[in-house]
Amino acid sequence: MGQDKPVVEGKALPLDDIIVEIRNMTFTRGSRKIFDDISLKIPRGKVTAIMGPSGTGKTTLLKLIGGQLHPDSGEILLDGQNIPKLNRKDLFIVRERMGMLFQSGALFTDMNVFDNVAFPIRVHTELPEVMIRDIVLMKLQAVGLRGAVSLMPSELSGGMARRVALARAISLDPDIVMYDEPFTGQDPIAMGVLVNLIKRLNQALGHTSIIVSHDIQETLSIADYIYVLSDGKIIAEGTPGMLKQQDSEQVRQFVDGLPDGPVPFHYPAPDLLDELMAGGVFK
Amino acid sequence: MILDKIQRLGHRTLSKCAAFGRSGQILFQSIVARPAPMMMLPLLIKQIYFIGVLSLVIIVVSGAFIGMVLGLQGYTILVDYGSEQAVGQMVALSLLRELAPVVTALLFAGRAGSALTAEIGLMKATEQLASLEMIGVDPYRRIIAPRLYAGFICMPLLSMIFAVVGIWGAALVAVDWLGIYSGAYWANMQQAVDFREDVVNGLIKAVVFGFIVTWIAVYQGYDCVPTSEGISQATTRTVVYASLAVLGFDFVLTALMFGDL
Ligand SMILES: Nc1ncnc2c1ncn2[C@@H]1O[C@H](COP(=O)(O)OP(=O)(O)O)[C@@H](O)[C@H]1O
Ligand SMILES: [Mg+2]
């Protein structure tokens, strides 16, 4: 990692070519503030990682960028277009530029692997079937599952399903690919392949990649820029080198993967001892 | 205490109103706002197969047995008055006006409605609906609309099949086994049944019930809490609400059609 100078938190971006910008966005669920007035920028053509303990709202953030959820206030700009303000039709047009890999894979269970990967191509293009076949086989080859082309989703393991979903997410060569926990549940070999694949796709096709993850080592190894979320705020940001250099306790805890520290591992709750001593039955 | 209760009542009323609004929105978004008939045709055919064709067995079997029971009961009651020839008329009228649409709708809610809810709910829970949206495909158009149309189309057809099989089952019992003169059975029926009054009214009922059952089923699936528990509750609600709604609307429609109101 090149940048060895200690950097002031949140003041340096690798590029000023921004594809997604979030400005002063607040989002609440029930009475819980998932995001409290956060702002962040995602550089074009780079791999940006959003990290944080589970339950901080990483998936929620991706859904906000994809326009599936609406913020209470603030703007989410994709090349200057404010996503929450788009009407349904424009939103669907914008989404053609996005590919999203869902945490669970979300393959269509009534189609086999081939049709799943071919689905976005058939919906958005008029390509002849021969060409679709070639594209699908190439995408499946990239994720190492060309042999699984005629299996149904129910016949795949969780890790395989996620890789097929990845092939589907990139089948139309979108401008932005959002990966929700791509490494979870992958065996070490598939993990290495995936890390390389994401990196390679990013370089070869010029995608902007947004990776949401809590796998610190893998993410540090491919991300160009990282945001660390906790408690509805961005507690740190920077290149992997910058983050490793930081001596803020919160960031150290996260980068070194310690359970105790300023970043809460627990869902907000009253003090354990108080609750135990209070007695009574659980209501 | 009292305030608490009033508050809860108000909250429940509001959430019921909101639910009604959401169900209306689903209906509007999927079939009124942006119809796309050409794209939908293959999907529609597939749904008609799942919703209609696969319901045929239960509809035919129930229709046959209900017809046979009607024939038998009608005969034993009417034979005391020496008017057992009227069995045909009794069976045809009760089937066409009431039993075919109502029983078909109840079976339809149990067989197809619950399946629709569970399927859509599971699609929601496994993020398939969300991923359709991200691919840029409107789930209302692709998932909801073909299922709604298939329900609207299949219910009247199933109801007609139910009535035909029922009349045939009654004939089997009354004519072939109990020995009513077949000319009398069919002639009485022909004379008593009015096309506009009985057949069309029965069909109108079937159309209305098909609409209600499918709408409730689709809404419950789309609006369910996306967990296994949420889906099972939604499925139960579909069957309960749809059955109650069918019976309630049956009374209203009967009063309007035959009650001289
Ligand atoms: N459908 C929902 N309704 C209410 N709260 C939700 C829902 N989905 C997620 N949440 C809450 O939002 C928070 C963030 O969820 P999520 O974005 O899935 O976290 P992450 O992906 O970082 O693990 C969680 O604390 C969760 O309790
Ligand atoms: Mg998540």
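One structure accompanies this document, and this report is about it.

Criteria and cut-off values
Residues numbered from 1 in each chain as written. Chains lettered and ligands numbered in written order. Predicted model: local features only at pLDDT ≥ 70, side-chain atom pairs only at ≥ 80, totals over all residues. Heavy atoms only, no water. Donors = N, O, S within 2.8 Å, 3.2 Å for Na, K, Ca; no water. Helix = DSSP H or I, 4+ residues; strand = E, 2+ residues; numbered from the N terminus. Buried < 20%, exposed > 50% of the residue type's maximum accessible area, 1.4 Å probe, protein only. Phe/Tyr/Trp six-rings, centres within 6.5 Å; stacked < 30°, edge-to-face > 60°. Lys NZ or Arg CZ within 6 Å of the ring centre and 35° of its normal. Contact = heavy atoms within 4.5 Å. Salt bridge = Lys/Arg side-chain N within 4 Å of Asp/Glu carboxyl O. Polar contact = N/O pair within 3.5 Å; in protein donor to acceptor, adjacent residues only side chain to side chain. Nonpolar A, V, L, I, M, F, W, Y, C, P; charged D, E, K, R; others polar. Near = heavy atom within 4 Å. Areas by Shrake-Rupley, 256 points an atom, 1.4 Å probe, with all protein chains shown as cover. Pairing = 2+ DSSP bridges. Axes fitted to C-alpha atoms, helices over the stretch in contact; angles between N-to-C directions. Arc of directions from axis to C-beta.

Things to note about the coordination of the magnesium ion (ligand 2)
All names here are of chain A.
- For the magnesium ion (ligand 2), the protein coordination sphere consists of Thr59 (OG1) and Gln103 (OE1), at 2.0 to 2.7 Å. With Thr59 in helix H1 (residues 58–65) and Gln103 in the loop between strand S6 (98–101) and helix H3 (113–124), the pair connects residues that are 44 residues apart, well separated along the chain.
- When its relative accessible area of 35% is taken as the criterion, Gln103 is described as partly exposed.

Brief notes about the packing of aromatic side chains
- This model, assessed by the stated rule, comprises 9 aromatic pairs over all chains.
- Arranged with centres 6.3 Å apart and planes meeting at 50°, the rings of B:Phe20 and B:Trp215 form a pair that is tilted. With a gap of 195 residues between them, B:Phe20 in helix H1 (residues 2–33) and B:Trp215 in helix H8 (residues 195–222) connect regions that are remote in the sequence.
- Put simply, the rings of B:Phe20, B:Tyr149, B:Phe152, B:Phe211 and B:Trp215 pair up and form one aromatic cluster.
- A cation over a ring is seen here: A:Arg95 above A:Phe92, with NZ or CZ 5.3 Å from the ring centre.
- Over the face of the ring belonging to A:Phe108 we find A:Arg168, whose NZ or CZ atom lies 4.6 Å from the ring centre.

Some points on the interface of chain A and chain B
- On the side of chain B, 18 residues touch chain A, which itself brings 23 residues to the contact.
- Along the contact surface separating chain A from chain B lie 4 salt bridges.
- Linking chain A with chain B are 9 residue pairs in polar contact (both at pLDDT 80 or more).
- Breaking the side of chain A that touches chain B down by element, the ones donating at least two residues are helix H2 (88–95), S6 and H3 of chain A.
- A total of 4 residues in the side of chain A that touches chain B trace back to one element, the largest contributor, which is H3(A).
- Of the residues assigned to the side of chain A that touches chain B, the class counts are 12 nonpolar, 6 polar and 5 charged.

Details of the site of ligand 1
All names here are of chain A.
- Ligand 1 sits among 11 residues. The nearest are Arg32, Gly55, Lys58, Thr59 and Thr60.
- Contact distances for ligand 1 include 3.1 Å between a nitrogen atom and a side-chain N or O atom of Arg29.
- At 2.5 Å, a side-chain N or O of Arg32 approaches an oxygen atom of ligand 1.
- Against a free-state accessible area of 560 Å², the protein chains account for coverage of 60% of ligand 1.
- Listing elements by their share of the shell around ligand 1, those giving two or more residues are strand S2 (32–43) and H1.
- Of all the elements, H1 adds the most residues to the shell around ligand 1, at 3 residues.
- Split by residue class, the shell around ligand 1 holds 2 nonpolar, 6 polar and 3 charged.

What about the sheet that holds strand S3 (residues 47–51) of chain A?
Residues and elements named next belong to chain A.
- Spatially, S6-S7-S8-S3-S9-S10 is the arrangement adopted by the 6 strands of the open sheet, whose pairing is mixed. The two strands at the open ends of the sheet, each matched to only one other strand, are S6 and strand S10 (233–238). Across the sheet, the mean angle from the axis of one strand to that of its neighbour is 15°, orientation sign disregarded.
- Lying over the sheet, helix H5 (residues 158–169) contacts S6 and strand S7 (176–180), oriented at roughly 175° with respect to S6.
- Along the sheet, helix H6 (residues 188–205) contacts S3, S7 and strand S8 (208–213); its crossing angle with S8, the most-contacted strand, is approximately 155°.

Focus on helix H7 (residues 182–192) of chain B
Residues and elements named next belong to chain B.
- Residues Ala184, Tyr185 and Met189 constitute the buried set of H7. On an axial view of H7, the arc spanned by its buried residues comes to 125°, and they lie on one face. Opposite the buried face of H7, by more than 90 degrees, sit the exposed residues Gln190 and Gln191.

Looking at the sheet that holds strand S5 (residues 81–82) of chain A
Residue and element names in this part refer to chain A.
- One open sheet accounts for 4 strands, arranged S2-S1-S4-S5; its pairing is antiparallel. Of all strands in the sheet, those with a lone pairing partner are S2 and S5, marking the two edges.
- Two strands pair when backbone bridges link them, and strand S1 (residues 18–29) and strand S4 (residues 73–78) are joined in this way by 5 bridges, in the antiparallel orientation. Its bridge partner lying in S4, Thr26 is registered against Ser73.
- This element, H1, spans S1, S2 and S4 of the sheet and lies at about 120° to S1.

Examining the pairing of S4(A)
Residues and elements named next belong to chain A.
- Here S4 runs beside S5; their pairing, made up of 2 bridges, is antiparallel. Counted as the bridge partner of Leu77 is Asn82 from S5.
- Taking the residues that link successive antiparallel strands as the turn, the S4-S5 hairpin has 2 residues, and the phi of Asp79 there is positive, at about 45°.

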